[in-house]
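# Overview (structure and organization)
Here is what each chain is made of, one letter per residue.
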Amino acid sequence: MLLLSFALKTAGQMFYLICAVLFAIIGVIICVFKNPKGALISAILLSLFCIRILSVTTMQVENSYNISGETESVIAVVTETPESYGSDDNYGVCNVRIERSERNILKKGSILSLRGNDIALLRQGDKISANIKLEHFEDTDIALYYYSENVFISGKVTDGLSVTNSNKGIYGFAGKINSYAKKVLMRNAENFGILLALITGDRSNISDEVYDAVKVSGVSHILVVSGMHLAILCGLVFKLLNMFGGSQILKDTILVIFLFLMMCVCGFGMSMLRASIVYVIVIIYRRIRRLEDSVLCLADAIIIVLFIHPFAVHSIAFQLSFASTYGILVLSRKIIFYLSGARKQNFFMKEIIEAAAVSLSAYIATLPIVIYNFGYVSTYAIIVNILVSLPSTVMLILGVLGLASGVVPFVQSILLFIADKIADYFMFMVELANAMPLPYIPIKNEKQLTVIIITVFVGIYMLKIKPLRKFVKGIKNNGNM
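Residues numbered from 1 in each chain as written. Predicted model: local features only at pLDDT ≥ 70, side-chain atom pairs only at ≥ 80, totals over all residues. Heavy atoms only, no water.

All right, on to a nonpolar patch on the surface then. Taken together, the side chains of Val407, Val408, Phe410, Val411, Ile414, Phe417 and Ile418 present a nonpolar region at the surface, about 680 Å² in accessible area. For isoleucine 414, the position within the fold is in helix H15 (residues 409-435). Relative accessible area serves as the criterion here: at 37%, isoleucine 414 is assigned to the partly exposed category. (Patch = residues over 30% accessible without salt bridge, like charges linked within 9 Å, V, L, I, M, F, W, Y side chains within 5 Å. Areas by Shrake-Rupley, 256 points an atom, 1.4 Å probe, with all protein chains shown as cover. Salt bridge = Lys/Arg side-chain N within 4 Å of Asp/Glu carboxyl O. Helix = DSSP H or I, 4+ residues; strand = E, 2+ residues; numbered from the N terminus. Buried < 20%, exposed > 50% of the residue type's maximum accessible area, 1.4 Å probe, protein only.)

Structure follows, in structure tokens:
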């Protein structure tokens, strides 16, 4: 009855989760054809994932309906920088981790979305006490967003909000780093909102109009901290480590420490946590010498992330990040070969071809997700991505190095000045794309078109697998006899 009740109340969520499981099964079947031994771990993880879905849906989502309307006194820790909400600057919203629930309505360690007066005055890491009224998420879109962030219940402060311990612990440490980044960027860059979003994923200082223009131009993924950002930064760190030598274990340990610091800079945002999990999996696979199949590594990372947070499947950032990574792994080298052939290219031509290949690969892989979620396709996305991908990489590296060079103010100012000028170029390309005729193509019946595109993609990919090609060839030969 509990499962039936949940299915009736959240039929949309269940539909998407079932689709996610089906696509995961298809992915494992493909892996079995390509690498039977390597697919074993994927099959085990997939089984655990299915069990985890049942556990989370019955114990978290259904429970949020049962406790909605209850009042409770809680002690909690602020896990993210609060945001102002509404006309009152002090009225805000933030996520908090429950330390104590007076009547044990909320489990210790669960995350609550808290809103109310004076919330905007809190800081990440503050330990607070408050009397709250619990509410489940009524709006489906809002519910899906919060579920993807591992938040299943909200609360409104009724009275008694007070700070019992200010800016302490690991979240306090992350809050101080994040606050430092914001202050330094505000002091040294006119485009601090763009740089802040690029480095930390915090888009609160970018207006809705500007961000809509960024989305229309097809480069919104650049301002969402994801695996792409970590790939750039971890690649830089690894090159620096190779310059100084040392054992592989030491290098991997430093990389893990760097990942932790990046999570702190991003305020332990869910997007960075997911991307970091992927890199931890990569490091583990490297230690056990299993990196010969990067697609299988990515598949295992996806299943592990979904095992930890099953509703992450609803996160657009999660979908775009992994789809673009998959597209780059599978398509980019082939596109580079077709564009360059056997001819040797000079440095600039090589960079342009690689940027074009990466942009086109990511565009093809993310096309169904963009159509489904946004209802339109950016007309100039590929061109704009080619023109801003390399500058954005430089902008990200200079921004991070600028923040890290605080002990030498002169160097910090120069690095952030250059990053700011690149941000000017980035915004110029965004504005130019929006000023062009027909900047985007609206899509009607986006759900049906998404299904068709995914079906075509899966069909083409499966026909490329050797056993299936032989099977199809055998059918044709029998038909011709």
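From this point on, the discussion continues.
As a further point, take the pairing of strand E6 (residues 154-165). By the bridge criterion, three bridges tie strand E4 (residues 111-116) to E6 in an arrangement that is parallel. When the sheet's bridge partners are listed, leucine 114 is paired in E6 with glycine 155. Judged from the eight bridges that link them, strand E5 (residues 127-135) and E6 form a sheet pairing that is antiparallel. In the strand pairing of E6, isoleucine 128 is matched with valine 163. (Pairing = 2+ DSSP bridges.)

Bringing the confidence of the model for the chain into the picture now. Considering every residue of the chain, the mean pLDDT works out to 78; 80% of them sit at 70 or more. Note on residues 1-16: pLDDT under 50 across the span, and 23 contacts to partners over four residues away in sequence or across chains. (pLDDT = per-residue confidence, 0-100. Contact = heavy atoms within 4.5 Å.)

With that out of the way, let us pick up helix H4 (residues 140-148). Within the span of H4, buried status applies to Ala143, Leu144, Tyr146, Tyr147 and Ser148. Within two residues after H4, asparagine 150 carries a phi angle of roughly 70°, on the positive side.

Our next topic: the pattern of salt bridges. This structure, assessed with the given rule, holds five salt bridges. Among the ionic pairs, arginine 103 bridges to glutamate 70, the shortest N-O distance being 3.3 Å. Here arginine 103, found in the loop between strand E3 (92-101) and E4, pairs with glutamate 70, found in the loop between helix H3 (39-67) and strand E1 (71-78); they are 33 residues apart in sequence, far enough to count as distant. Judged by relative accessible area, which is 47%, arginine 103 ranks as partly exposed.

This part is about the packing of helix H5 (residues 169-188) against helix H6 (residues 192-200). Where H5 contacts H6, the axes come no closer than 9 Å and their chain directions differ by 150°. The pairing of H5 with H6 is recorded here as roughly antiparallel in orientation. Where H5 crosses over H6, the two elements pack in a sense that is right-handed. Contacts from Asn178, Ala181, Lys182, Leu185 and Met186 of H5 reach H6 at Phe192, Leu195, Leu196, Ile199 and Thr200. Residue classes in the contact of H5 with H6 are distributed as seven nonpolar, two polar and one charged. (Axes fitted to C-alpha atoms, helices over the stretch in contact; angles between N-to-C directions. Parallel < 35°, antiparallel > 145°, perpendicular 65-115°, else oblique. Left-handed = near helix turned anticlockwise from the far one by under 90°. Nonpolar A, V, L, I, M, F, W, Y, C, P; charged D, E, K, R; others polar.)

Geometry of an aromatic ring pair is reported as the spacing of the ring centres plus the angle between the planes. Enumeration over the complete set of coordinates arrives at eight aromatic pairs. Between phenylalanine 137 and tyrosine 146, the ring centres sit 4.5 Å apart and the planes meet at 5°, which makes this aromatic pair stacked. For tyrosine 146, a relative accessible area of 16% gives the class buried. Measuring from centroid to centroid gives 5.1 Å for tyrosine 376 and tyrosine 440, while their planes differ by 55°, and the two rings are tilted. Here tyrosine 376, found in strand E7 (residues 376-378), pairs with tyrosine 440, found in strand E8 (residues 440-442); they are 64 residues apart in sequence, far enough to count as distant. (Phe/Tyr/Trp six-rings, centres within 6.5 Å; stacked < 30°, edge-to-face > 60°.)

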